[in-house]
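What follows is the residue order along each chain.
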Amino acid sequence: MLVDSSTFISLTVVIILICNLAFSRKARLITISCLLISLQGFAQDKKINKIPIIPVGWDAYLNWDQWPLQRIGNRAYMRSTHDRSGGNVDMSNYLYMKDGDYNFTLDVAGKGFLYFFRSNFWHGIPWHFIVDGKDNIVKETATENPINARKFFKTASFIPVEPFPEPLSLTWGITKGADLIWTPIPFETSFKLAYSRTSFGTGYYIYHQYANEENLSRPIRSWSIDSAANVGVTKLIEKAGTDIAPQNINKSKGKIILNKKTVSLFKLAAAPSVIRAFKIILPLENAMDLERLRLIVKWDGAAHASIDAPLCLLFGVGTLYNRDSAEYLVKGFPINIRFDYDAKKVELACYYPMPFFKSAEFELANVNPGDTEISYEIRYEPLASPVVDNSYFHATYKDIPKPVVRKDLILLDTKDIEGKSEWSGSFVGNSVIFSHSGGLHTLEGDPRFFFDDSESPQAYGTGTEEWGGGGFFWGGENMTLPFVGHPCGAPSKEAAKHEKDLIESYYRFLLADLMPFGRRALIQFEHGGENLSTEHYETITYWYGLPAPTLIKTDEIDIGNIASEESHSYASPEASVGTTISSRFELGIDTFPARPWVIPGRLDTLKPPGYKELIGKQVFPLHTQDGRTTQGISEFTVKLDKENLGVLLRRTLDYSFPNQKAEVYIQRVSSKSKKDEWKFAGVWYLAGSNTCVFSFPKGELDKREYTIRTSNRRFREDEFLIPARLTQKSSQIRIRIKFIPVDHELYPGKPFPNEAAWSELKYQIFSYTTPKFKEAEKNP
């Protein structure tokens, strides 16, 4: 039985009292000494093994003040209908199909939460949200008559509405092109998503899984469509655009004359604290002239700034030109921009919690000195949780005037950033200018996010405006919502009212669907559908990070390499002989085609200068790896950090083998080579393969089609989380992988090209640890 420290101390006091009544003096001393030693050991164990409680489900919203929390053992994944060949046909690619109207786009095993769902308009309805084997049918207003639905409906809503109320869930009339759901959907053993109709079946989905379910804020219980949304969360999100931070805390307000090129805004020197609200108030008549002031923020006397960005983009918009004279240019949950025409001012507000442990220094640079006066307000309070459980807020700015053809835009790479080699924290959003010339065609680029040196993106999306919450380029319209927005930019170059109306930008904020990392985050986007856009991009990436890893690579086994297998006591009696594979990971096109992607609604194609010279040239070269497959059992021994808080196991595999599924068991191995009994750790499952079914019938209600598309991308990396209860205090464990056959066909009557098998090319082992951060030693 596990007890907390207060319970343990209470039991200790009771036992001591009993000892005083029943035992001799010598016996009492011996007993009390043993108890004190045990209590000391207990306290040490609690300190070593402390894992922050992760807010999950509705708590992920209600406890939004814990945004900066280190999420040890928490992984986020984003799957989608993206083009497996690396091209731009990012719709209607299905993992597999079953009888009836089940066309699967997502299939996950284990416990977790689906935190985000996105579809293009209403396409695909009715949707099957299959939670732990129970089919929950989600509809939308356009379900019964989806043909030309925009002619029949001015507004739309989900059916049933109780689990998906606004603004937690939004339909295409509000978002300008997409159906979005942020309702947390917990699952205990599995989650599957199937579209009923396949025409233009586009979507992406974000879900979380956890190593240590005992360290979650609430237990994971299977979701039902009868579950109503949390009223407190709905009311909280409805407050987007207002001051959502605590009021009765420390406050500093002031006015500053912008009479120097660099102006100090304010400095704070305090014990570990967290900034809960930060506002800058600009005079309305000067707002556009001041939009490119740069806010520079340094935490704890650091040599490098964690924020150094233009004001407008930092607060979610490409320019403060307000084409429709709206009250809110940005009405986001953590960030907003409000125009007060009566008071003739513009208020820029940020409510991302910003912890610091010694000091905070804010200043404005890029100032054109004069007599303009601005105001500011900052509110802060003591940091309630340990320093080491938190992370600094960052807003990393990138100016990319000339994107490199063939290469993704790198919006963030935390490796060696701010003078530090490794970071742990969470990716929490973007604010992006994607055109300075009223162009929307740049939006075809896919988001691809890599965490902790993975070769495969843990997050792979379908398009830039889709990441920004819209569809079909938002129809050229503007919108601003709590977590997504296209707040500025004319519908076209011809429709621009002002030169700054040509600046197009979007934002995307992540809260419950944030993406944790343990050592490195690499946030990439295509520019245009095949990395051909030459638009001028400016980007800000919002993230939390501590300059210390929570994931440490402690071992690696190269399957097929005899020396590596022997050193890890690898055993797999039914495994194939070693096989060498030459292929690629799933990322981008192989060579440039003679006819690039055609821009929808336009007759021309996107051909950058010098495109003719690129035709046929290789983009991603082949590389070679060896490995094995098995339909039986594989076992191997790996090294861990003895003070680990759980383990991330990453496998490189051959994705041409479909629906790879296995049970995972763990056995502790002591320094004297003693072994414990095998304990079940969970099911490891990767749905689908590099072969999918493409179905894009002309009519919305037409029957599905069966076009088989096989990508030449056979390499894939996949992850499995091992809980700390099976690994703590162990410097070695033995892992058993037991293959489980899955009987899915590609579609009814059509088997997958390859027989199912467990593929293993390489395993990497990462130990979760408490970050070793020097400020934590001073401020525990």
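Look up a bit, the structure's there.
The paragraphs below set out a description of the structure included in this document. Note that the structure is predicted; figures quoted are calculated from it, not measured. (Residues numbered from 1 in each chain as written. Predicted model: local features only at pLDDT ≥ 70, side-chain atom pairs only at ≥ 80, totals over all residues. Heavy atoms only, no water.)

### Here's the deal with unusual backbone geometry
Comment: phi is negative for the bulk of residues other than glycine, and the bulk of peptide bonds are trans. Heads up, the rule is: Labels follow the DSSP assignment, with helices taken as runs of H or I lasting at least four residues and strands as runs of E lasting at least two, numbered in each case from the N terminus.
A cis amide bond, omega 0°, links I159 with the succeeding residue P160. Along the chain, the position of P160 falls in the loop between β8 (158-159) and β9 (169-170). With omega at -5°, the peptide bond leading from E166 into P167 counts as cis. When you line up the elements, P167 lands in the loop between β8 and β9.

### Description of the sheet that holds strand β37 (residues 579-583)
Our working definition: Note: two strands are recorded as paired if DSSP finds a minimum of 2 bridges between them. Throughout, an axis means a line fitted to C-alpha atoms (over the contacting stretch in the case of helices), and angles, computed between N-to-C directions, take values from 0 to 180 degrees.
Spatially, β37-β38-β47 is the arrangement adopted by the three strands of the open sheet, whose pairing is antiparallel. Edge strands, defined here as strands with exactly one partner in the open sheet, are β37 and β47 (758-760). Within this sheet the neighbouring strands show an average axis-to-axis angle of 45°, counted without direction. Relative to β47, strand β38 (residues 623-630) is paired through three bridges, and the arrangement is antiparallel. The residue of β47 that forms the bridge with T629 is S759.

### Structural notes on the packing of aromatic side chains
Applied cut-off: Two rings from Phe, Tyr or Trp (for Trp, the six-membered ring) form a pair when their centres sit within 6.5 Å of each other. Planes less than 30 degrees apart are called stacked, planes more than 60 degrees apart edge-to-face, and all others tilted. Think of it in three bands: with a 1.4 Å probe and only protein chains considered, a residue is buried below 20% of the maximum accessible area for its type, exposed above 50%, and partly exposed in between. Note on criteria: charge over ring means Lys NZ or Arg CZ within 6 Å of the ring centre, with the direction from the centre no more than 35 degrees off the ring normal.
Within the structure shown, the criterion is met by 66 aromatic pairs. On the numbers, 6.1 Å between centres and 45° between planes, the contact of F164 with W223 is tilted. One end of the pair, F164, is in the loop between β8 and β9; the other, W223, is in the loop between β13 (203-210) and α6 (231-238), with 59 residues separating them in the sequence. Summarising the burial analysis for this pair, F164 and W223 share the class buried. Above the face of the W64 ring, R276 is positioned so that its terminal group lies 4.9 Å from the ring centre. The aromatic ring of Y685 is capped on one face by K661, whose charged end is 5.3 Å from the ring centroid.

### Description of the sheet that holds strand β48 (residues 762-768)
Strand order in the open sheet made by the four strands is β36-β48-β40-β45, with antiparallel pairing throughout. Edge strands, defined here as strands with exactly one partner in the open sheet, are β36 (551-558) and β45 (715-722). Each adjacent strand pair in this sheet contributes to an overall mean axis angle of 20°, direction not counted. Two strands pair when backbone bridges link them, and strand β40 (residues 647-654) and β45 are joined in this way by eight bridges, in the antiparallel orientation. Bridging from a neighbouring strand, D654 pairs with F715 of β45.

### Description of the side chain of S505
Here is the rule we go by: What qualifies as a polar contact is a pair of N or O atoms within 3.5 Å, subject to a donor-acceptor requirement within protein and to the restriction that residues adjacent in sequence count only when both atoms come from side chains. For this analysis, residues touch if any pair of their heavy atoms sits within 4.5 Å.
Tracing the backbone through its elements, the reader meets S505 in strand β32 (residues 504-509). In this structure S505 comes out as buried when scored by relative accessible area, which is 0%. A distance of 3.0 Å separates a polar atom in the side chain of S505 from the backbone nitrogen of G318. In this structure, S505 is in contact with G316, V317, G318, V432, I433, F434, G485, H486, P487 and C488, ignoring residues within four places of it in sequence.

### With respect to the nonpolar core
As a reminder, the rule being used: Residue types Ala, Val, Leu, Ile, Met, Phe, Trp, Tyr and Cys, when buried and joined through side-chain atoms within 4.5 Å, form a set referred to as a nonpolar core.
Counting residues in each nonpolar core, the largest one holds 129 residues, and the members touching the most others are L265, F362, W467 and M515. Counting residues in each nonpolar core, the second largest holds 46 residues, with Y195, L653, Y685 and V742 among its members.

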